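The residues making up each chain are set out below.
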Amino acid sequence: MAFTRATGKHRAPSRMARRGAGIAGAATLAGAGVIGSLASPALAADAEDGSLEDTGLTRVVTEESLAKHVDAQAAAQEKQAYQAAARAKAAAEAKRKAEQRVKEIREAKERAARDAERKRLASFQLPVAGSYVSTGYQTGGALWSSGHHSGIDFHAAYGTKVVSVGSGTVVEAGWGGAYGNNIVIRMNDGTYTQYGHLSALRVYVGQKVTPGELIGISGSSGNSTGPHLHFEARTGAEYGTDINPISYLRARGVAV
């Protein structure tokens, strides 16, 4: 008795039919450019539940997606490393510039301080601060053995501070006869200044002094009629080499 194969509509397709359909569908998707990162999981899932046998296509798609992912990660890491290096370089350059600026400012301040000190050491001032001339240069009279005043007198009450008018070296500090306690200073410009009738001395021979430095205390020692400061400007250290003290000081920027 002959039997015919049942072909009812509820009969499930065979395993070979499913496999062929899957391969054909995958080939169609691949040809259309659809298979990518989304196709791989689907095919892998089918392979896991046994609905799709491993044909090699699933593995190829998965490996390609993984390679792309690795490349993307590598590119991102490379970009991050480049950006980090750029930031580090910029920070180092900013630090270098800041340090250079600090150095320049410090050096500028040091130069300004040196210039100011040189200017101060080269300056001149009154021997008694805020004083005035009470007896002029070459004033005549019997009070002076030479018949005239060899210097000028600055008004100074007893005990007033007397300072060096400029920078120099003390060449005499002691009793000076008619000058009483006196000091003679060789100035840095080669001239000499003399300070007489002091009540006390505050320097010694060989000491270097600067403008405004305390050298003695005013008084009325020696040939004097009262407390004051006798001041002379000289071309030499000895008596008789005097020059006009007012002209001397004014030529050096001192208002007298």
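Residues numbered from 1 in each chain as written. Predicted model: local features only at pLDDT ≥ 70, side-chain atom pairs only at ≥ 80, totals over all residues. Heavy atoms only, no water.

Help me understand the environment of Thr235, please; the structure alone is not making it clear to me.
Structurally, the position occupied by Thr235 is in the loop between strand E9 (228-234) and strand E10 (242-243). C-alpha separation for the pair Thr235 and Arg186, spaced 49 residues apart in sequence, amounts to 9.4 Å. (Helix = DSSP H or I, 4+ residues; strand = E, 2+ residues; numbered from the N terminus.)

Would you take a moment to explain the pairing of strand E2 (residues 152-155) for this structure?
Two faces make up the sheet, and in a regular strand the side chains alternate between them. Pairing between strand E1 (residues 133-135) and E2: two bridges, direction antiparallel. Directly across from Thr135, in E2, lies its bridge partner Asp153. Pairing geometry for E2 and E9, over four bridges, is antiparallel. Across the sheet, residue His155 finds its bridge partner in E9, namely His228. (Pairing = 2+ DSSP bridges.)

Honestly, the nonpolar core in this entry has me stumped. Any pointers?
What tends to happen in soluble globular proteins is that the nonpolar side chains get buried as a cluster. Phe154, Ile183, Ile185, Tyr195 and Ile215 are the most contacted members of the largest nonpolar core, which has 24 residues in total. Looking at this core, the elements that each hand over two or more residues are E2, strand E5 (181-187), strand E6 (192-201), E9 and helix H4 (245-251). Here Ile185 is in contact with Ser164, Gly168, Thr169, Val170, Val171, Thr191, Tyr192, Thr193, Tyr195, Val209 and Ile215, once residues within four sequence places are set aside. (Core = buried A, V, L, I, M, F, W, Y, C linked by side-chain atoms within 4.5 Å. Buried < 20%, exposed > 50% of the residue type's maximum accessible area, 1.4 Å probe, protein only. Contact = heavy atoms within 4.5 Å.)

What am I meant to see in the packing of aromatic side chains here?
For any pair of aromatic rings, the description rests on two quantities: the centre-to-centre distance and the angle between the ring planes. Here the structure, examined in full by the defined rule, presents four aromatic pairs. Ring geometry for Phe154 versus Phe231: centroids 6.2 Å apart, planes at 65°, classification edge-to-face. Taken together, the residues span a long stretch of sequence, with Phe154 in strand E2 and Phe231 in strand E9 at a distance of 77 residues. Residue classification places Phe231 among the buried residues on the basis of a relative accessible area of 0%. Aromatic ring contacts, followed pair by pair, group Phe154, Tyr195 and Phe231 into a single cluster. Taking NZ or CZ as reference, Arg252 lies 5.5 Å from the ring centre of Phe124, over its face. The ring of Tyr248 carries the charged tip of Arg252 above its face, separated from the ring centre by 3.8 Å. (Phe/Tyr/Trp six-rings, centres within 6.5 Å; stacked < 30°, edge-to-face > 60°. Lys NZ or Arg CZ within 6 Å of the ring centre and 35° of its normal.)

Help me out: how do you make sense of the pattern of salt bridges in this one?
Applying the stated criterion to the full structure yields seven salt bridges. A salt bridge links Glu64 to Lys68, with the shortest nitrogen-to-oxygen separation between them at 3.6 Å. Highlighted residues: Glu64 and Lys68, both in helix H3 (residues 57-121), separated by four residues, approximately one helical turn. Given the relative accessible area of 44%, Glu64 is considered partly exposed. Accessibility expressed as a relative area gives 55% for Lys68, which makes it exposed. Across the pair Glu117 and Arg120 runs a salt bridge whose closest N-O atoms are separated by 3.0 Å. (Salt bridge = Lys/Arg side-chain N within 4 Å of Asp/Glu carboxyl O.)

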